[in-house]
Every structure is written in C-alpha cells, then in structure tokens.
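Residue-level structure breakdown
Residue strings, one per chain:
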Amino acid sequence: MRRMSQIVAIDQGTTSTRAIRFDRSGEPLAIEAREFAQAYPRPGWVEHDPEEIWRDTLAVVKAVLTPEVAGIGITNQRETILLWERTTGRPLHDAIVWQDRRTADRCDALRRDGIEPMIQARTGLLLDPYFSASKLQWLLDNVAGARAAAARGELAAGTIDSFLLWRLTGGRVHATDVTNAGRTMLYDIVKGAWDDDLLRLFDIPAGLLPEVRENAELFGETDPALFGRAIPIAGMAGDQQAALIGQACFTPGMVKSTYGTGCFILMHTGDAPVLSQNRLLATPAYTIAGERAFALEGSSFVAGAAIKWLRDRLGLITAADETAAVAGGVPDDHGVWLVPAFVGLGAPHWRPEARGTILGLTLDSSAAHLVRATLESIAFQTSDLTAAMRADGAIRPAALRIDGGMAANDWFAQFLADVLDVAVERPACRETTALGAARLAGLTLGLWPDLATVAQGWRADARFEPRMTAARRDGLLAGWRDALRRALA
Ligand SMILES: Nc1ncnc2c1ncn2[C@@H]1O[C@H](COP(=O)(O)OP(=O)(O)O)[C@@H](O)[C@H]1O
Ligand SMILES: O=P(O)(O)OC[C@H](O)CO
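Residues numbered from 1 in each chain as written. Chains lettered and ligands numbered in written order. Predicted model: local features only at pLDDT ≥ 70, side-chain atom pairs only at ≥ 80, totals over all residues.

Contact geometry of helix α11 (residues 304-312) with helix α13 (residues 367-391) gives a least axis separation of 9 Å together with a crossing angle of 165°. By the criterion of interaxial angle, the relationship of α11 to α13 is roughly antiparallel. In this structure, α11 crosses over α13, and the sense of that crossing is right-handed. Across the interface between the two elements, A306, I307 and L310 of α11 pack against V371, T374 and I378 of α13. (Axes fitted to C-alpha atoms, helices over the stretch in contact; angles between N-to-C directions. Helix = DSSP H or I, 4+ residues; strand = E, 2+ residues; numbered from the N terminus. Parallel < 35°, antiparallel > 145°, perpendicular 65-115°, else oblique. Left-handed = near helix turned anticlockwise from the far one by under 90°. Contact = placed C-beta atoms within 7 Å.)

Counting 152 residues, the largest nonpolar core has I7, V8, A9, L416 and A437 as its most contacted members. Among the elements that line this core, the one with the most residues is α13, at 11 residues. Not counting the four nearest positions on each side in its chain, V8 is found in contact with A19, R21, V61, V64, L65, V69 and I72. (Core = buried A, V, L, I, M, F, W, Y, C linked by C-beta atoms within 7 Å. Buried ≥ 20, exposed ≤ 12 C-beta atoms within 10 Å, placed from the backbone.)

In contact at an axis separation of 9 Å, α13 and helix α14 (residues 410-420) are set at 35° when each is read in the N-to-C sense. In the packing of α13 onto α14, the handedness of the crossing is right-handed. Between α13 and α14, the residues in contact are L375, E376, A379, F380, T382, S383 and T386 and W411, F412, F415, L416, V419 and L420, respectively. Looking at side-chain class alone, the contact of α13 with α14 contains nine nonpolar, three polar and one charged residues. (Nonpolar A, V, L, I, M, F, W, Y, C, P; charged D, E, K, R; others polar.)

The next subject is the site of ligand 1. What surrounds ligand 1 is a group of 18 residues, the closest being G13, G260, T261, G304 and G405. Per element, the largest residue contribution to the shell around ligand 1 is four residues, and it comes from α11. A breakdown of the residues in the shell around ligand 1 according to their chemical character gives five nonpolar, 11 polar and two charged. (Near = placed C-beta within 6 Å.)

The positions that UniProt labels "binding site: ATP" (unreviewed entry) are, in the present scheme, T14, T15, S16, T261, G304 and G405. These residues run over 392 residues, yet every pair of their C-alpha atoms falls within 12.5 Å of each other. Its place among the elements puts G304 in helix α11. On the neighbour-count criterion, G304 (23 C-beta atoms within 10 Å) is buried. Leave out the neighbours within four places in its chain, and G304 touches Y259, G260, T261, G404, G405 and M406. Along the chain, G405 turns up in the loop between β21 (400-403) and α14. Non-local contacts of G405, meaning those with residues more than four positions away in its chain, are made with Y259, G260, G304 and A320. (UniProt positions renumbered as here; feature names shortened; annotations may be inferred.)

A separate point is the environment of R426. Positionally, R426 belongs in strand β22 (residues 424-427). Since 19 C-beta atoms lie within 10 Å of it, R426 is described here as partly exposed. Counting along the chain gives 26 residues from R426 to L400, while the straight-line C-alpha distance between them is 8.6 Å.

Here's what the structure looks like:
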C-alpha cells in the first residue's frame, strides 16, 4: 500500500472554490478551481448560493483526490453566514456574504446605544455589518418561518466552514473553529465561548450555533458515499488566519497581508488579544494543542475586487495580469485618484455608507492612469492599516509577507514596498491560504511534528526593497489622504 502522506486543502474563497493537494514538503501537486456566481439582489447586498458552493467543493476535491491523501483541511471566506435544516441539510436562503451591507442601520442603532465598547472588549471587533451576527439576525427575522423553526431546534447556523463540514460528514458534525467563531461577533475571544449577552442582543438562539474547536484536530470523517472512502477532516481555519499560518507567521510581530477579493493584514500579537485604540480588530490567530495565538487585523474590503471591476464592468483590461504592464507603461498616475469604497470602507474608517470615488480626471487622463490609480489605492489602504498598527504600538516589521491573487503583480509589490517603506516578500508557494489549511490538517495527522518544522518550510521567491524617495512617498500619501477626505465627505 502506498504511504498516505498528502493533504487536500479546500479553499472556499469569495470568488472561487479551490482544492489543492500538497505533499509532505508543502509543495502543491495538483490544483482545481471553480469561479462561482456573485448575486447582488440590491445595492449593497451580496449573496452566494450554498448549493453551488457545495457542488463546486465536491467537484474540485474529486479532481485532485488520490489514494495518497491522508486528510483534508478546510479554509473559507470568513463571516459569510447561512441557515440550514438539520434533517435535510437544505439551506433556507442564500448565504449573506461578508461584503453585504444590508444591516448597516441595525449596527448604527447599536452604536448609538453605546454598545460598541462592550462588543470590542469581548469580541475584539467593531460594530459593522461586516461580521456575521447582524446578518444572522436578519435571516431569522426575514426568512419566512425561520424563527419558528429555529425555536423548534430544526435549524443549524454557521459560516461556510461549518456548512461544508456538515455536508462532508453527511450531517453528522456541526462544528466550527476558533478563528471563524471569532468573526461572528457572538464569541468571547478571551473566555473562548459563545457570549450569552451578545446572543440576547442579536436575538439568536444558542442552539443554532456550532461547537467551537481548535484549529488542528479531527473534526470528523467524510461520508464514504462522497469520495469512496472516509477521509479525516483534520484542520480548519478562516482564510486570513490560514494565510498567516501558511506564511509561517508564528512569532509576535510577524505580519502578512493577503490581496484576494479584499486585503487583510494580520500581525501576530502573542498569546493575548491586543485591543486596538485605532479601529483595528483583535482576532484569534489560531489555537493549536491548547496554545492560543492572537492577531491584530486591518481589514479593507476591496483589493482584487477593484481589478475585477476594471475587467468586468469597465472593460479597461481583459485579464487581471495585464495591470502590471499597463500601470508600468505610464510614468505616473497623472493626478488621478481612486478610492475603492465600492462596499463602504473597512478599517480603520468603518464607513459602510461610503462609495467608490474617482478624482482628478482631465481630458488627457487615460485608461492606464485609472488602472494605475486602482493598483496604487490598494497599496495606500495597506499604508493606512500599517500606520494604525504602529499607532497601536507595533514595531516596524522586518518585512511584509504578501500573498493572494494580486501578489503575483510585480508592479504592485514594488509600489507597496515603496509606499510602506518596508521590504515586501513573496513566498515560493503562492497558495498560502490553502497551504495553511493543509498545514493544520498535517499537524493533526502527524505529517509535521510542530510549528517550528512548518516554519522551516517557508521560502521566499521574491523580495521587493523600498526604493522611493521619502519626499515622493510623503507627497503621494498626502494626495491619498486628501482623496480619502473627499470620498468620505
Ligand atoms: N496579476 C494580478 N494583478 C492584479 N490583480 C490580480 C492579479 N491576478 C489576480 N488578481 C486579482 O486577485 C483576485 C483573486 O485572488 P484570490 O486570492 O483568488 O481571491 P479570493 O480568495 O478572494 O477569491 C481577483 O480579484 C483578481 O482580480
Ligand atoms: O475571499 P478573500 O480571500 O478575499 O477573504 C475574505 C475574508 O475572509 C473576509 O473576511
């Protein structure tokens, strides 16, 4: 019999569902991906069809699965929430996606009631429709029959990890992990438990929620009817925390930034949460073998989504990877500024009502200037987040480790290093999020003995040193602040 020494990671992201098979050295051997539909039923609303996500998950896992696979790790877009029937597994409604702003008024009302300090102290989060709690309350209040069925104990709620785990185990396991629980706004990250006061505040019956587990443990086994055998599901984490693990940021002060649909920068802060004074989030980074780690997070909602918008809505490019050459083909942005507040602004502003803004157009502004301004804006947003981290006491990191779809863009990576005045490193394995989920499952199954061994497996393939003059950097950042002020006005 061949040795089972490979792991399949399921990476259920905002725009695609992927499965990647990794070998014992953390090398990706096979990858299968499916893009899926984004539904925008009203302005500011974003939904996903859970059945489509499930079909894609099955298809991508089947495409990469071999007899050598010892286990599965799951990582997922965070906060996105749904309700399903316990008996049939049938979702009651489309999943409400993390970008969805429909509960902005509810969050405003709670802020006016002075609830935010209590929420921050317990959950590390700030009052914003981004998190799951107000979305779950919306589902219970607006889907016909949902509240009554929940009261009868007929429903389960969960983030996408939890839904996939339920389906993969044939409806036997209703669990989540500490990183996903930490994004619901219903979980006390210090006590490590669902919070009764928050459940009451959002009117959510405790019986709806999954059991919360550590990140590297046996969550269950796949229903043999799905893949022909029972495969252990041995690791789980939200995608940004999985990327932190895939980037081997295991010691306080290490920092990674992921540029997928949005941009999420996480700094390891050790074994206790650091509550931000500068509108960042404190969030569980991972719990492994009883050891808890926390992170300080800056979340901005739009990164690659802006590139997708240039391609799909404006038609200025035909493929995302054209943007590097287009931006590099003009000497500067020609005074064009874009503030990518397409779904409001996340950290450190938290303004759900803000909308995208373009400034500084003249008759000789070109498509290339707008493409360049879009890439620049994503680096400027990162700069605002690292400035907030410094204001919270973080020391300047030795380097910023980047990943996600946009990290492939050399022009962007160089501009980011220039604007931050920090070296930017890109790992050899670009599928960092999936690698993190694979590492978790491999730790459970004994493929890797500990985090130190995992850290030895991290390699950079490119390093971008800052080379912009301070005067130019300061000028650009002053221009960005002015554009932001106008977008927020
Ligand atoms: N070379 C590139 N330059 C800029 N953006 C890119 C490039 N390649 C991919 N992207 C963007 O990255 C995003 C996809 O990244 P990915 O990490 O797969 O996202 P997600 O996990 O959120 O679905 C897309 O929005 C795409 O527009
Ligand atoms: O789909 P991504 O990779 O942009 O990640 C989404 C985040 O988890 C949202 O919090």
